[in-house]
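Results of the structural survey
Below, each chain spelled out in residue letters.
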Amino acid sequence: MDDLSPLEAAILTHITQNPFAGQQELADQMSIARSTVAAHIVSLTRKGYILGRGYVLPAAKRVVCLGGAVFDRKFQASQPLVRGTSNPATGFHSYGGVARNVLENLALLGHDTSFVSVVGDDQTGRTLLGHLRDRGVDVSQVALSRHRSTAEYCAILSPDGDLDLGIADMDIFEELTPDRLERARAHLTSATLLFSDCNPPMETIRTLIERSRGARYTLAIDPVSTHKAQRLPADLTGVGLLFMNLDEASAYLSGSFPADSTGAAEAAQALRARGVSGVVVSTGTQGLVVADDSGVTHVPAIPSHPVEVTGAGDAMIAGTLHATLAGQPLAEAARTGALLAALTVETATTVRADLSAAFLDQQHHRLPQGTALSSSSSLDPGVSA
């Protein structure tokens, strides 16, 4: 609470003790003018220490996810795909979107979660929100669009479950404007951790990063794709944690890196030079490379028996965030991320339905050991690409 004045801190203490106290009651208790109380309550709301009317106090540890909520349609081919003709396949649907997937994983892991997004004012959108409510997610900050339908993604999978082709209708996320951030300001600033994907417009992403500088919360970002990675500004100061795969890092940095842990380490250091505090670069089956002030560490992928790979990256992010919220160093937390990714691909769903914190703890015997690639002293802050 270093950002509070002594009077703001005193008012917050009184509100914490009695959230239903009126402004005049607070003024009388503190021997100050009601107008002074009102002004400081506005300030406390803007800083995220109270949430709007009624002085609703935020949870001690709270995660807000901002970005895509998508209806996924998936078709897995029964035999090798042949272009230009009909292919027999098994179809199924689920809910997706990087931010939504990360959010649901974290909710299942027991975190207090809130979602900032937009869905269509249609049956698909209402069903999607109902599913999140059933998970205990606060969806009060999800807008209903009267102009666009709920986002949809169609994945064509090979017989072994690998993605062959993906088609996305994501225009609705253009409505996630900076004005939308302002309307959700109390929810964002009161968070312990704010995770965003890059589905919102470039201006929104830039505003989000600028506002995170000096904020109470840690900002974590995943770009979603090589195309949407270009929405990130050159200066990433304020981003506490950045997740990228090697292709996304190459696209954003306009560089070319070897497709191995050495290349991932080079990319991670280049991203750190842009102002990011911690970076996790994925190299697929070769695992993760983590870079922060402690150095660069390689975390190998966990052997698994994949059923369907969609959602693996989102699960890795959620597992890593889950462990960092528990106070683990980033390199150690990424091992939990690798574990959750492996557990997720062993099911047919994008988010593992039986996930819980207890279940994840029971699987810790599968955790990989990380290998240090360099110490913090060997990190060159001038590296760029």
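A brief look at the structure comes next.

What counts and how
- Residues numbered from 1 in each chain as written.
- Predicted model: local features only at pLDDT ≥ 70, side-chain atom pairs only at ≥ 80, totals over all residues.
- Heavy atoms only, no water.
- Helix = DSSP H or I, 4+ residues; strand = E, 2+ residues; numbered from the N terminus.
- Buried < 20%, exposed > 50% of the residue type's maximum accessible area, 1.4 Å probe, protein only.
- Areas by Shrake-Rupley, 256 points an atom, 1.4 Å probe, with all protein chains shown as cover.
- Lys, Arg positive; Asp, Glu negative; His and termini not counted.
- Charge placed at Lys NZ, Arg CZ, Asp CG, Glu CD.
- Salt bridge = Lys/Arg side-chain N within 4 Å of Asp/Glu carboxyl O.
- Axes fitted to C-alpha atoms, helices over the stretch in contact; angles between N-to-C directions.
- Parallel < 35°, antiparallel > 145°, perpendicular 65-115°, else oblique.
- Left-handed = near helix turned anticlockwise from the far one by under 90°.
- Contact = heavy atoms within 4.5 Å.
- Nonpolar A, V, L, I, M, F, W, Y, C, P; charged D, E, K, R; others polar.
- Core = buried A, V, L, I, M, F, W, Y, C linked by side-chain atoms within 4.5 Å.
- Pairing = 2+ DSSP bridges.
- Phe/Tyr/Trp six-rings, centres within 6.5 Å; stacked < 30°, edge-to-face > 60°.
- Lys NZ or Arg CZ within 6 Å of the ring centre and 35° of its normal.
- Disulfide = S-S within 2.5 Å.

The next thing to look at is the overall build of the protein. When its secondary structure is counted, the protein shows 13 helices and 14 strands. Expressed as lengths along the three principal axes of its C-alpha atoms, the size of the protein is roughly 75 × 55 × 40 Å. For the protein, with 385 residues in total, the buried portion stands at 51%. Accessible area of the protein: about 16500 Å², with a carbon and sulfur share of 51%. When the 29 basic and 40 acidic side-chain charges of the protein are each reduced to a single mean position, those positions are 6 Å apart.

Time to look at the pattern of salt bridges. Tallied over the entire structure, the rule returns 15 salt bridges. For Glu104, the salt bridge is made with Arg100, and the minimal N-O distance between the two is 2.7 Å. On the criterion of helical spacing, the pair formed by Glu104 and Arg100 is a turn pair, its members being 4 residues apart in helix 4 (residues 98-108). By relative accessible area, Arg100 is classed as buried at 1%. With a closest N to O distance of 3.1 Å, Arg272 and Asp293 form a salt bridge. In this pair, Arg272 is assigned in helix 10 (residues 261-272) and Asp293 in the loop between strand 12 (288-292) and strand 13 (295-299), connecting sequence segments 21 residues apart. A residue is classified by how much of its surface remains accessible, and Asp293, at 60% relative accessible area, is exposed.

In contact at an axis separation of 9 Å, helix 4 and helix 11 (residues 312-325) are set at 45 degrees when each is read in the N-to-C sense. On the basis of their axis angle, the class for helix 4 and helix 11 is oblique. Between helix 4 and helix 11 lies a crossing of right-handed hand. Counted together, Val98, Asn101, Val102, Asn105 and Leu106 of helix 4 and Asp314, Ala315, Ile317, Ala318, Leu321 and His322 of helix 11 form the full contact between these two elements. Residues that form the contact of helix 4 with helix 11 fall into these classes: 7 nonpolar, 3 polar and 1 charged.

In this section: unusual backbone geometry. The backbone of Ser31 shows a phi angle near 60 degrees, a positive value even though the residue is not glycine. You can see Ser31 is positioned in the loop between helix 2 (23-30) and helix 3 (34-46). A positive phi is found at Val224, a non-glycine position, where the angle reads about 85 degrees. Summarising the element assignment, Val224 is placed in the loop between strand 9 (218-222) and strand 10 (241-245).

Of all hydrophobic cores here, the largest spans 50 residues; its most connected members are Cys65, Val102, Phe115, Phe195, Phe243, Val280 and Leu321. Not counting residues up to four positions away in its chain, the partners in contact with Phe195 are Val64, Cys65, Leu66, Val98, Ala99, Val102, Ala220, Ile221, Asp222, Ile317 and Leu321. In terms of nonpolar packing, the next biggest core, distinct from the first, is built from 38 residues, Val64, Leu66, Phe257 and Ala264 among them.

Turning our eyes to something else, we now look at the pairing of strand 2 (residues 70-77). For strand 2, the buried fraction is high: 6 of the 8 residues fall into the buried class. Here strand 2 pairs with strand 3 (residues 89-96) via 8 bridges, running antiparallel. Bridge pairing in strand 3 places Phe75 opposite Gly91. Pairing of strand 2 with strand 6 (residues 151-157) involves 7 bridges; the strand directions are parallel. Paired with Arg73 across the bridge in strand 6 is Cys154.

Using the criterion set out here, one finds 1 aromatic pair in the structure. The aromatic ring of Tyr49 is capped on one face by Arg216, whose charged end is 4.0 Å from the ring centroid.

What follows concerns the side chain of Thr204. As for its placement among the helices and strands, Thr204 is situated in helix 8 (residues 202-212). Non-local contacts of Thr204, meaning those with residues more than four positions away in its chain, are made with Leu176, Thr177, Pro178 and Leu181.

What follows deals with the state of the cysteines. Throughout this description, disulfide means a covalent bond between two cysteine sulfur atoms. The final tally for this structure, using the stated rule, is 0 disulfides. Cysteine Cys65 remains unbridged, with the sulfur of Cys198 as its closest cysteine sulfur at 14 Å.

Before going further, it helps to spend a moment on the pairing of strand 12. Moving residue by residue along a regular strand, the side chains alternate between the two faces of the sheet. Where burial is concerned, most of strand 12 is hidden: 5 out of the 5 residues are buried. Across the two faces of strand 12 the burial is the same, with Leu288, Val290 and Asp292 and Val289 and Ala291 all buried. Here strand 12 pairs with strand 13 via 5 bridges, running antiparallel. When the bridges of strand 13 are listed, Leu288 appears paired with Val299. Linking strand 12 to strand 13, which pair antiparallel, is a turn of 2 residues.

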